[in-house]
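# Breakdown of the fold
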Amino acid sequence: MGVPFVDLAAQRRALGDRIDRAMAQVVEHGQFVMGPEVRQLEEELARFCGARHAVSCSSGTDALVLALRALGVTAGDAVVVPTFTFAATAEAVAFLGATPVFADSRVDTGNMDPGSVASALDGSSSDGRTPVGVIAVDLYGQPAEYGPLAKLADEAGVWLLADAAQSLGGAQDGRRVGTLAAVTATSFFPAKPLGCYGDGGAVFTDDDNLAGLVRSLRVHGQGRSRYDYVHIGMNARLDTLQAAVLLAKLTIFEDELAARQEVADRYSRMLPAGLALPAVLPGTTSAWAQYTIRTGRRDDLAAALAAAGIPSAVYYPVPLHKQGPYTDFSHAPSGLAGAEELAAEVLSLPMHPYLDAPIQDRICDVVAAALSQG
Ligand SMILES: *Cc1c(COP(=O)(O)O)cnc(C)c1O
């Protein structure tokens, strides 16, 4: 019996016919672009997070590009980003002609190290260019260290953007992801905690001006009327069908987040000693997009799991500063040793809200057996 890494079929069973009905309704009314479900989703997402505005868009990557454009990033600007992240974080910066400046990550959480960000912000590492902003990434679902990062950004007079593609539903100090930075970008890619049936994303902010800019930029820089353009924008809308799928999934999202927390707690109780388990910082709740352990015997472990029919994944095997198109960008003067250690040791185990205890026991048994050999 194969174990799925993320079980979307089990989720569909849990939802009954809700997704099919929601999609059929869109097919019936025929407003495939910016239909009523899009506005309803934005209202519900804003309420869910406690943010003043949620603006939906075509993907998490486009959410980052839209947010960066709204923040005024232009060619030649420097922006501090972690090197240990999915490509889209740095790609969005480079796509706009700006320069990513790579910062290091903490090995215990995998999130960006505020000390490294401080050293990247002084400008000495980016050809004399003073960075204009920082993108924090909530890796594996855990919000980054927004307290220290916001303080550093304020002191340097730069903005802080949250790449929350993996962390929707997470929280810190009583506030939900979507409100932890001045602007937040998230993704609805199917495997993210809240996923649609294709590509989708959203930008969250309390700032009326920024929200207005993002709304205009996602529809060709549209002004007051349809053929009035006030910005050079793009086509980055969320399809109505995807909004309908997300509205159906939102009805069970709180329960799913609670189930993910239970699965994570169970892993933390059951996994054998000799592994580094994911650290969650005080006051912080992860959305548990991934349950990621660290071990010097990562490859042995992945092979043993595969032999037992259990999938695992390495997010990410090579940090961005070592990837061809990104090698020429600068980095924090204090180096990127944490990211390199993480890339060599991380392994993500199956994680989704429908992972049942017997299968989890089996996964933990295989891990224990593999570690006790050699
Ligand atoms: C998935 C992801 C993105 C991009 O989201 P898409 O919807 O796939 O474009 C950006 N940043 C991080 C950290 C991600 O994990």
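A brief structural summary. (Residues numbered from 1 in each chain as written. Predicted model: local features only at pLDDT ≥ 70, side-chain atom pairs only at ≥ 80, totals over all residues. Heavy atoms only, no water.)

## Considerations on the environment of Gln172
- When you line up the elements, Gln172 lands in strand E6 (residues 171-172).
- You can call Gln172 buried: its relative accessible area is 9%.
- Along the primary structure Gln172 and Arg18 are separated by 154 residues, whereas in three dimensions their C-alpha atoms are 31 Å apart.
- Not counting chain neighbours up to four residues away, the residues in contact with Gln172 comprise Pro143, Ala144, Glu145, Tyr146, Gly147, Leu180, Gly283 and Thr284.
- Polar side-chain contacts of Gln172 include one of 2.9 Å to the backbone oxygen of Ala144. (Helix = DSSP H or I, 4+ residues; strand = E, 2+ residues; numbered from the N terminus. Buried < 20%, exposed > 50% of the residue type's maximum accessible area, 1.4 Å probe, protein only. Contact = heavy atoms within 4.5 Å. Polar contact = N/O pair within 3.5 Å; in protein donor to acceptor, adjacent residues only side chain to side chain.)

## A word on the packing of aromatic side chains
- Inspection of the entire model under this criterion finds 9 aromatic pairs.
- Pairing Phe102 with Tyr326 gives two aromatic rings, centres 6.5 Å apart and planes at 70 degrees, and the pair type is edge-to-face. Residue Phe102 is located in strand E3 (residues 99-103), and its partner Tyr326 is located in the loop between helix H11 (298-307) and helix H12 (337-345); the two are separated by 224 residues in the primary sequence.
- Accessibility expressed as a relative area gives 11% for Tyr326, which makes it buried.
- One aromatic cluster is present, formed by Phe5, Phe84, Phe86, Tyr315 and Tyr316 through successive ring pairs.
- Across from the ring centre of Phe48, 4.0 Å away, lies the NZ or CZ of Arg176, which sits over that ring.
- In this arrangement the basic side chain of Lys192 is found over the ring face of Phe86, its NZ or CZ atom lying 5.8 Å from the centre. (Phe/Tyr/Trp six-rings, centres within 6.5 Å; stacked < 30°, edge-to-face > 60°. Lys NZ or Arg CZ within 6 Å of the ring centre and 35° of its normal.)

## Details of the site of the ligand
- Around the ligand, a shell composed of 14 residues is seen, among which Gly60, Thr61, Gln166, Ser187 and Lys192 lie nearest.
- A distance of 2.8 Å separates an oxygen atom of the ligand from a polar side-chain atom of Gln166.
- Lys192 has a polar side-chain atom sitting 2.7 Å from an oxygen atom of the ligand.
- Here the ligand, which alone exposes 380 Å², has 93% of that area covered by the protein. (Near = heavy atom within 4 Å. Areas by Shrake-Rupley, 256 points an atom, 1.4 Å probe, with all protein chains shown as cover.)

## Overview of the sheet that holds strand E1 (residues 53-57)
- Across the sheet, 7 strands lie side by side as E1-E9-E8-E5-E4-E2-E3; this open sheet has mixed pairing. With one partner strand each, in any of the chains shown, E1 and E3 form the two edges of the open sheet. On average, each strand axis in the sheet is inclined to that of its neighbour by 25 degrees, with strand direction left out of account. (Pairing = 2+ DSSP bridges. Axes fitted to C-alpha atoms, helices over the stretch in contact; angles between N-to-C directions.)

## Here's the deal with the pattern of salt bridges
- Evaluation of the coordinates by the stated rule reveals 13 salt bridges.
- Ionic pairing is found between Asp208 and Arg52, a salt bridge with its closest N-O pair at 2.7 Å. Taken together, the residues Asp208 in helix H8 (residues 208-217) and Arg52 in the loop between helix H3 (36-49) and E1 connect sequence positions 156 residues apart.
- Across the salt bridge formed by Asp299 and Arg298, the nearest N and O atoms sit 3.0 Å from each other.
- A relative accessible area of 9% means that Arg298 is categorised as buried. (Salt bridge = Lys/Arg side-chain N within 4 Å of Asp/Glu carboxyl O.)

## Describing the environment of Leu349
- Inspection of the secondary structure assignment puts Leu349 in strand E12 (residues 346-349).
- Of the residues examined, Leu349 reaches a relative accessible area of 0% and is grouped as buried.
- On a C-alpha basis, the gap between Leu349 and Ile363 in space is 8.4 Å, while along the polypeptide they are 14 residues apart.
- Once you skip the residues sitting within four places of it in the chain, Leu349 turns out to touch Phe5, Tyr267, Leu271, Tyr291, Ile293 and Leu305.

## What to know about the sheet that holds E6
- As summarised here, the arrangement of the 3 strands in space is E7-E6-E10, forming an open sheet in which the pairing is antiparallel. The outermost strands of the open sheet, each flanked by one partner alone, are strand E7 (175-176) and strand E10 (284-285).
- When E6 meets E7, the two strands line up antiparallel, connected through 2 bridges. Across the sheet, the residue bridging to Gln172 is Arg175, located in E7.

## Side note on a nonpolar patch on the surface
- A contiguous nonpolar patch, built from Val27, Phe32, Val33 and Met34 and spanning about 350 Å² of accessible area, is present on the exposed surface.
- Relative to the elements of secondary structure, Val33 occurs in the loop between helix H2 (18-29) and H3. (Patch = residues over 30% accessible without salt bridge, like charges linked within 9 Å, V, L, I, M, F, W, Y side chains within 5 Å.)

## Re H8
- Along H8, the positions that sit buried rather than exposed are Leu210, Ala211, Leu213, Val214, Ser216 and Leu217.
- Residues of H8 that are buried make contact with E1, helix H4 (60-70), strand E8 (183-187) and strand E9 (201-205).
- Put simply, Asp207 is the residue that caps the front of H8, since its side-chain oxygen is 2.9 Å from the backbone nitrogen of Asn209.

## Comments concerning the state of the cysteines
- Applying the stated criterion across every chain yields a total of 0 disulfides.
- A disulfide-free cysteine, Cys57 has its sulfur positioned 10 Å from the sulfur of Cys196, the nearest such atom.
- A relative accessible area of 1% means that Cys57 is categorised as buried.
- Taking relative accessible area as the criterion, Cys196 reaches 0% and is therefore assigned buried. (Disulfide = S-S within 2.5 Å.)

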